[in-house]
Every structure is written in structure tokens, then in C-alpha cells.
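Structural description and commentary
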Amino acid sequence: RISRHAITDMFTPVFLITTAAFTAYGVPPQDVKARLGTSVTLALVITAYKYLAATKHIPILPDHTICDDYMLAAFIIVFLIVFQNWLAGRLTCQGFCNGEDDSKPSERGEKFDEISIYILGILWVVWNIYTVGRVLWTKRNDTKSFVKRRGERYAKIENDILYGKNEEHVPFYKKEAQGET
């Protein structure tokens, strides 16, 4: 079951926090401290949010829910961004960042940085499309199941009323017509 509460209180903030982790790519890969500072801070924010949400809003269930899977994917993406930022800094600086040789970044590190942002961005977009599709599919099936159960219930009540098997469901006007009051 996907409710408005889950979308507004769980999916949207996690989406925004994870997407904000991509802002670390706005910092040049040579500035490893600033870049890692941004991505690690957002990793801590999403961890704190998960803890807060888990203790306050999400019921403990034996199975993984769509929300659990989404949070796990967000953790993985943020962790990959942190690891990529560290690795891009190491490759770009070749171990000389924040030293005397900052002016000559490695082409290999910059190429790695450029390719990895596209790969992680595409993974994040595809995961969000998959999750939206999964939510819509689940909602559709839940609605069909509810309508089917509701239809079966009302069909049984109507059948019982027609054949007089269940007196509690007989409307008052039919009881009056039968001479009961």
C-alpha cells in the first residue's frame, strides 16, 4: 500500500537528499576536501533521516517494502558518490593535491570523473523510474483486488438478501413489505 504519507514523508525527502549528493560534482575534483565534505555530509543526513523515519514513521514489517528498497538504493548511490569523489580526487591529483603541484590535474582523473557522474546519474534516474512504475503497478493491483473483494462481498450480501439467508442485511423497507417491523 502506497499512501500519500509515504510519498510526501519518505520518498520525496530521500529523493531530494540523494539528488543533492550530486552537487558535489560542482566542486572541482582537485578540491578533495570540499568535495568529500559535501558528499559525506549528505551521507550522514540521509542516514539520520532513515533512522528518524524508521523510529517514527515506518512500521516494522517482516518483508521489504518498496520504501525499504528505495531507501537502500539511495544509500548505495550516496555511498558510490562518496567513493567516486575520493577516487576521482586521487586520480586527478595523482597524490599531489593541496600541495605544490595543484595546477596540473590528471586528464585520466577528469575523464573518470566525467564518466562516473553520467553513470551514477543514469543509475539514479533509472531507479526512480523503476520505483515509480512499481508503485503505480502495486497501486493498480491493490485497487483491482479491492474492487474484486468489494464486489464479491456485495454480491454475497445481495444474494443472501434475495434468498432470505441473512436477515441482518435485509433493508428496513423489505422487512416492512414482508410484514416485519
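To keep things clear, this report deals only with the structure shown in the data block. Source: prediction; values computed, not measured.

**Regarding the side chain of R35**
Here R35 shows up in helix α2 (residues 32–56). Using a relative accessible area of 0% as the deciding quantity, one classes R35 as buried. Here V27 takes part through its backbone oxygen, which lies 3.2 Å from a polar atom of the side chain of R35. Among all residues touching R35, those that are not within four sequence positions of it are A24, Y25, V27, P28, P29, N85, A88 and D113.

**Let's talk about the layout of surface pockets**
What the second largest pocket holds in volume is close to 210 Å³. Lining of the second largest pocket is provided by I7, F11, T12, F15, Y70, N128, T131, V132, V135 and L136. Residue assignment for the lining of the second largest pocket shows that the elements contributing at least two residues are α1 (4–20) and α4 (107–163). Ranked by the residues each element gives to the lining of the second largest pocket, the list is headed by α4, at five residues. When the residues that make up the lining of the second largest pocket are grouped by side-chain class, the tally is seven nonpolar, three polar and no charged.

Rules of the game
- Residues numbered from 1 in each chain as written.
- Predicted model: local features only at pLDDT ≥ 70, side-chain atom pairs only at ≥ 80, totals over all residues.
- Heavy atoms only, no water.
- Helix = DSSP H or I, 4+ residues; strand = E, 2+ residues; numbered from the N terminus.
- Buried < 20%, exposed > 50% of the residue type's maximum accessible area, 1.4 Å probe, protein only.
- Polar contact = N/O pair within 3.5 Å; in protein donor to acceptor, adjacent residues only side chain to side chain.
- Contact = heavy atoms within 4.5 Å.
- 1 Å grid on protein atoms, 1.4 Å probe; cavity = no way out; pocket = protein on both sides within 12 Å on 5 of 7 lines; lining within 4 Å.
- Points joined across faces, edges and corners; volume = space filled by probe spheres on them.
- Nonpolar A, V, L, I, M, F, W, Y, C, P; charged D, E, K, R; others polar.

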